[in-house]
Amino acid sequence: MLKKLAVISSLILTTPAFAVNSPINGQVQAKCSIWTETQGVYGNPLPNKLDTLPDSGGSFSSFRVDIAQANFYKTSFTHPISFSSSPTLSDTVVWSGSTVVGQVSVTEMSAYETAKVISPSNVTTFDMTLAGSTWFTVSSTALYGYNKSLPAGSYVAQIVAECIAK
Amino acid sequence: MYCKVKLLLSVVFVFWASFGFAHEMTPAYPKFVTSYIDDVSVTKMKLFNRRDDVSYYEVQVFDNDWESVPFASTNRIFKLGYQKSTSFEVYIQTKDLKYAVYICTMSKNFKQDKKVTIVASRICSKID
């Protein structure tokens with residue numbers, strides 16, 4: 001009897017242990033993405049005016065901001081206050097523009113519009129308190145001198161779209 | 001019915017995902033660790049370029065007032081193809097670390113010859 005027990009216990013003790021590596025994989029994904037949906041185009045409705053308004057022959061810049069995690073990011077849009085390239089201008093250009101909330105993937109996101117902060121005058125900041133997608137429309141207008149025509153040529157201005165971790 | 005909704009949602013998602021151009025960076029809250037250089041701390045960031053109109057990005061480090069903070073990186077401006085990602089390290093002197101608040105990447109745009117608005121995107125992570 002004892003002999004049998006000894007054989008069985010020695011068999012159990014010598015049974016190899018099978019260890020399996022079972023890694024846990026994970027990936028860190030971006031929590032804020034800026035998508036440029038439409039690049040703005042200036043129309044030239046008046047000799048001294050460039051405007052992204054569709055009625056003026058232009059088109060707005062449209063952005064989609066995807067937030068994967070609520071309350072982690074602020075988004076800000078800077079509309080231009082100078083041309084990044086243009087013909088030589090001898091007079092001043094008066095700039096204006098705005099950023100407004102367009103479509104939203106969560107109804108409550110429409111509150112971003114009333115809660116937006118404009119500071120300085122060409123920077124609009126939104127606190128992204130909800131997860132989901134929000135569309136923003138940026139407009140820009142440049143008015144040249146007084147009763148002066150803008151010189152012929154190409155005019156390019158830059159909009160800055162930012163995602164800033166809070 | 002459920003299957004139809006599911007299919008519609010996936011089509012919408014695919015449409016959304018393929019339309020537009022994005023710029024993404026991780027992690028949102030990077031942590032600095034001691035580097036192999038004395039008194040210099042380092043963190044690793046990852047950048048994704050999903051903008052087919054941009055192939056250059058600039059690394060920037062700012063304090064709380066958006067003033068530049070001295071830092072070193074393998075390349076301050078680097079080329080990154082469309083749909084590509086890259087990892088880069090940011091080195092900051094340990095004495096400057098208390099001022100550094102944001103690590104940002106900003107798209108660099110080429111001069112264009114059209115009557116358009118160029119879009120520069122900037123993603124900023126906050127140092128933990």
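That block above? That's the structure.
Scoring rules and cut-offs
Residues numbered from 1 in each chain as written. Chains lettered and ligands numbered in written order. Predicted model: local features only at pLDDT ≥ 70, side-chain atom pairs only at ≥ 80, totals over all residues. Heavy atoms only, no water. Helix = DSSP H or I, 4+ residues; strand = E, 2+ residues; numbered from the N terminus. Buried < 20%, exposed > 50% of the residue type's maximum accessible area, 1.4 Å probe, protein only. Contact = heavy atoms within 4.5 Å. Salt bridge = Lys/Arg side-chain N within 4 Å of Asp/Glu carboxyl O. Phe/Tyr/Trp six-rings, centres within 6.5 Å; stacked < 30°, edge-to-face > 60°. Lys NZ or Arg CZ within 6 Å of the ring centre and 35° of its normal. Core = buried A, V, L, I, M, F, W, Y, C linked by side-chain atoms within 4.5 Å. Buried area = accessible area lost by both parts, 1.4 Å probe. Polar contact = N/O pair within 3.5 Å; in protein donor to acceptor, adjacent residues only side chain to side chain.

A. Here's a closer look at the side chain of Ser125 of chain B. Assignment of secondary structure puts Ser125 of chain B in strand 9 (residues 117-126). Taking the relative accessible area as the measure of exposure, Ser125 of chain B reaches 0% and is therefore buried. Contacts of Ser125 of chain B, omitting those with residues within four sequence positions, involve Ala165 of chain A together with Met25, Pro27, Ala28, Pro30, Met45, Val101, Tyr102 and Ile103 of chain B.

B. Region of the structure containing the environment of Lys95 of chain B. Residue and element names in this part refer to chain B. By the secondary structure assignment, Lys95 is in the loop between strand 7 (84-93) and strand 8 (102-108). Residue Lys95 is classed as exposed on the basis of its relative accessible area of 53%. Put simply, Lys95 and Val40 are 55 residues apart on the chain and 8.3 Å apart in space, counted from C-alpha to C-alpha.

C. Expanded view of the pattern of salt bridges. All names here are of chain A. The final tally for this structure, using the stated rule, is 12 salt bridges over all chains. A salt bridge links Asp127 to Lys166; the shortest N-O distance between them is 2.5 Å. Taken together, the residues span a long stretch of sequence, with Asp127 in strand 9 (residues 123-128) and Lys166 in the segment after strand 11 (156-165) at a distance of 39 residues. Given a relative accessible area of 37%, Asp127 falls into the partly exposed group. Taking the relative accessible area as the measure of exposure, Lys166 reaches 27% and is therefore partly exposed.

D. Main features of the packing of aromatic side chains. Evaluated as defined, the whole model comprises 11 aromatic pairs over all chains. Ring geometry for Phe63 of chain A and Phe77 of chain A: centres 5.2 Å apart, planes at 40 degrees, overall tilted. Of this pair, Phe63 of chain A sits in strand 4 (residues 61-67) while Phe77 of chain A sits in strand 5 (residues 73-78), and the two are 14 residues apart along the sequence. The class of Phe63 of chain A is buried, set by a relative accessible area of 0%. An aromatic cluster of three or more residues is present, and its members are Phe63, Phe77, Phe126 and Phe136 of chain A. Taking NZ or CZ as reference, Arg76 of chain B lies 4.0 Å from the ring centre of Phe71 of chain B, over its face.

E. Here's a closer look at the nonpolar core. Formed by 39 residues in total, the largest nonpolar core has its most connected members in Phe63, Val65 and Phe77 of chain A together with Val61, Phe88 and Val90 of chain B. Beyond its immediate sequence surroundings of up to four residues, Val61 of chain B is in contact with Glu67, Ser68, Val69, Phe71, Val90, Ile92, Ala100, Tyr102 and Ile103 of chain B. Core analysis: the next-biggest nonpolar cluster, separate from the first, contains nine residues, Leu50, Tyr144, Leu150 and Ala157 of chain A among them.

F. Spatial organisation of the interface of chain A and chain B. On the chain B side, the residues contacting the 38 residues of chain A number 35 residues. In this assembly, chain A packs against chain B so that about 3200 Å² is buried in total across both faces, 56% of it on carbon and sulfur atoms. Three residues stand out in chain A for area buried against chain B, namely Trp35, Thr36 and Gln39 of chain A, and they jointly supply 17% of the buried area on that side. In this structure, Arg122 of chain B and Glu162 of chain A form a salt bridge, with 2.6 Å as the shortest nitrogen-oxygen distance. Remark: the boundary between chain A and chain B carries 11 residue pairs in polar contact (both at pLDDT 80 or more).

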